[in-house]
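# Chain and residue survey
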Amino acid sequence: MKLAENLNRLGTETAFEVLARAAQLEREGKEIINLGIGQPDFKTPEHIVEAAVKALRDGHHGYTPANGILELREAVAADLNKRHGVEVDPDCVVVVPGGKVTMFFAIMMFGEAGAEIMYPDPGFPIYKSVIDYCGAKAVPIHLKEENEFAFSADEVLGNITPQTRLIIINSPANPTGGATPKAEMDKLVEGLQAHPDVVVLSDEIYSHMLYGGREHVSLLQYDNMRDRTIMLDGWSKTYAMTGWRLGFAVWPKSIADTATRLAINCHSCVNAPTQFAGIAALKGPHDQVTTMVQAFDERRKVIVPALNQIPGFSCVDPGGAFYAFPNITGTGMSARELQDQLLTKAGVATVAGTSFGDFGEGYIRFSYANSVENIEKAIDKIKELLRG
Ligand code: PLP
């Protein structure tokens, strides 16, 4: 068997490996507190589940249009209008099986040998993996702790070359929880006016999860960027629907058909009942989303001060998502060493910062999508381990 050469360059998401190791340890009878996993610990709200069941009972089990059912795309447009005050043409919305698929399509569309694509580091690992896979040069945007892990517009603009085709930004961010302030986004957009051929993929999958009075800034709100903004969002995190596989993007009008053509080649369409669930999510009550986000905020207020009390740890206040990303250099261990010790000796699953890029060395990602009780228990176990 001879596999294609470019597969040697395909990376992965090590959070899934940690998950598998944690599950194995649990099978062996060990108690594991999972602060490694990047998904809400809440159930999908009942009315959403019911909408999918009803769709199946009503006979919606065939193919749908490849870009998604019109009613769903219209609901996406209406929701974006309500949340961000923007007009979106439902024909620019392409519904896909999860946020990741938009990422894959966008990078495949612009990436090839000779092209450069910028991506956040530390950042979601699939960005770099797919950039490497398609043969483009991956240019990191170094997200720094002293900047609360927001990107620096000056750094991004300074790294643009004639080969730059796509810039990926993500706010609120995985793995850092960093939320880029509006002033920085304004600066980036202003600077990009000098580079009209550069496209931006704005990953806004955590847009509902901001804390401490922060407000989400969507790239869609900048009219002068609309013809080159790909805005990635989805249902996974907001509605606790990670396993349903449902996401969407708003594409520039000129390439929405190209994204749909990729969908036709790849998966035909998202399964029909899930799309009906997506409509119910957008149009139905949002009280459970509010409750979930409030719970994350309460946990954030527990975990951040607690992490700061662990000898060798220091943690900046994460503005969004459900991750804390403490600096652990004071422990004297590498990120990977500490991740392994926490899992095997303290029974706490976390993810090493290096799983999110080279600039993640010295950091560990904690997901606080877990109960306050478990978070407190995990912190005690970590303290005990480090006390030796
Ligand atoms: N973008 C970011 C920043 C994420 O953290 C994730 C999932 O963890 C995704 C996209 C992918 O979301 P989905 O599960 O909808 O594919």
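Above this text sits the structure in question.
## What to know about the site of the ligand
Residues in contact with the ligand amount to 14 residues; listed here are only the nearest, Gly 99, Asp 203, Tyr 206, Ser 236 and Lys 237. Residue Lys 237 places a side-chain N or O atom 2.6 Å away from an oxygen atom belonging to the ligand. Protein coverage of the free-state accessible area of the ligand, which is 390 Å², stands at 94%. In terms of residue count, the dominant contributor to the shell around the ligand is helix H4 (residues 99–110) (three residues). Residue composition of the shell around the ligand, grouped by class: five nonpolar, five polar and four charged.

## Some thoughts on the pattern of salt bridges
Evaluation of the coordinates by the stated rule reveals 20 salt bridges. One salt bridge connects Arg 299 with Asp 41, and the closest N-O pair in it is separated by 3.0 Å. You can see Arg 299 sitting in helix H10 (residues 287–308) and its partner Asp 41 sitting in the loop between strand S1 (33–34) and helix H2 (46–57), a full 258 residues away along the chain. One salt-bridge network, in which partners are shared between bridges, spans Asp 297, Arg 300, Lys 301 and Asp 317.

## A look at the sheet that holds strand S7 (residues 229–234)
With respect to topology, seven strands assemble into an open sheet ordered S2-S8-S7-S6-S5-S3-S4, the strand pairing being mixed. The sheet is open, and its two borders are formed by strand S2 (93–96) and strand S4 (137–142), each paired with just one other strand. Across the sheet, the mean angle from the axis of one strand to that of its neighbour is 20°, orientation sign disregarded. Here helix H5 (residues 125–134) sits on the sheet and contacts strand S3 (116–121), S4, strand S5 (164–170) and strand S6 (199–203); the angle it forms with S3, its principal contact strand, is near 160°.

## Section: H2
Since the α-helix packs 3.6 residues into each turn, any two residues three or four apart lie on the same face. The terminal C-alpha atoms of H2, which comprises twelve residues, lie 16 Å apart, in line with the 16 Å expected from a rise of 1.5 Å per residue. Those residues of H2 that sit buried are Ile 48, Ala 51, Ala 52 and Ala 55. Summarising the axial view, the buried residues of H2 lie within an arc of 95°, below the 170-degree limit, and thus occupy one face. Exposed and facing more than 90 degrees away from the buried side of H2 are Glu 46, Lys 54 and Arg 57. Looking at the buried residues of H2, the elements they touch are helix H9 (272–283).

## As for the packing of aromatic side chains
A complete count under the given rule lists eleven aromatic pairs for this structure. Between the aromatic rings of Phe 124 and Tyr 127, the centroid separation amounts to 5.9 Å while the plane-to-plane angle is 70°, which identifies the pairing as edge-to-face. Across the pair, exposure class does not vary: Phe 124 and Tyr 127 are buried alike. Arranged with centres 5.7 Å apart and planes meeting at 80°, the rings of Tyr 206 and Tyr 323 form a pair that is edge-to-face. Of this pair, Tyr 206 sits in the loop between S6 and S7 while Tyr 323 sits in strand S9 (residues 323–324), and the two are 117 residues apart along the sequence. Side by side, Tyr 206 and Tyr 323 carry an identical accessibility label, which is buried. Here a set of aromatic residues connected by ring pairs shows up, and it is made of Phe 42, Tyr 206, Phe 296, Phe 322 and Tyr 323.

## Notes on the sheet that holds strand S12 (residues 364–367)
Reading across from one edge, S9-S12-S11 is the order of the three strands in this open sheet, with antiparallel pairing throughout. Each edge of the sheet is formed by a strand with only one pairing partner; in this case those strands are S9 and strand S11 (351–352). As paired strands, S9 and S12 are joined by two bridges and run antiparallel to one another. Across the sheet, the residue bridging to Ala 324 is Phe 366, located in S12.

## So, the pairing of S12
Here S12 shows two buried faces, one formed by Ile 364 and Phe 366 and the other by Arg 365 and Ser 367. Pairing of S11 with S12 involves two bridges; the strand directions are antiparallel. Bridge pairing in S12 links Ala 352 to Ile 364.

## Observations regarding the packing of helix H11 (residues 335–346) against helix H12 (residues 372–387)
Viewed as axis vectors pointing N to C, H11 and H12 meet at an angle of 105°, and their least axial separation amounts to 10 Å. With respect to their mutual orientation, H11 and H12 come out roughly perpendicular. Where H11 abuts H12, its residues Leu 338, Gln 341, Leu 342, Lys 345 and Ala 346 lie against Lys 381, Ile 382, Leu 385 and Leu 386. Of the residues belonging to the contact of H11 with H12, the class tally is six nonpolar, one polar and two charged.

## As for H12
Given a rise of 1.5 Å per residue, 16 residues ought to cover 22 Å, and the 23 Å separating the end C-alpha atoms of H12 matches this to within 8%. Those residues of H12 lying buried are Ile 375, Ala 378, Ile 379, Ile 382 and Leu 385. Buried residues along H12 cover an arc of 125° about the axis, so they all sit on one side. When the buried face of H12 is taken as reference, the exposed residues oriented beyond 90 degrees from it are Glu 373, Glu 384 and Arg 387. Contacts made by the buried residues of H12 are with S1, H10, H11, strand S10 (348–349) and S12. Positive backbone phi, approximately 80°, marks Gly 388, located one or two places after H12.

Rules used throughout
- Residues numbered from 1 in each chain as written.
- Predicted model: local features only at pLDDT ≥ 70, side-chain atom pairs only at ≥ 80, totals over all residues.
- Heavy atoms only, no water.
- Near = heavy atom within 4 Å.
- Polar contact = N/O pair within 3.5 Å; in protein donor to acceptor, adjacent residues only side chain to side chain.
- Areas by Shrake-Rupley, 256 points an atom, 1.4 Å probe, with all protein chains shown as cover.
- Helix = DSSP H or I, 4+ residues; strand = E, 2+ residues; numbered from the N terminus.
- Nonpolar A, V, L, I, M, F, W, Y, C, P; charged D, E, K, R; others polar.
- Salt bridge = Lys/Arg side-chain N within 4 Å of Asp/Glu carboxyl O.
- Pairing = 2+ DSSP bridges.
- Axes fitted to C-alpha atoms, helices over the stretch in contact; angles between N-to-C directions.
- Contact = heavy atoms within 4.5 Å.
- Expected span 1.5 Å × (residues − 1).
- Buried < 20%, exposed > 50% of the residue type's maximum accessible area, 1.4 Å probe, protein only.
- Arc of directions from axis to C-beta.
- Phe/Tyr/Trp six-rings, centres within 6.5 Å; stacked < 30°, edge-to-face > 60°.
- Parallel < 35°, antiparallel > 145°, perpendicular 65-115°, else oblique.

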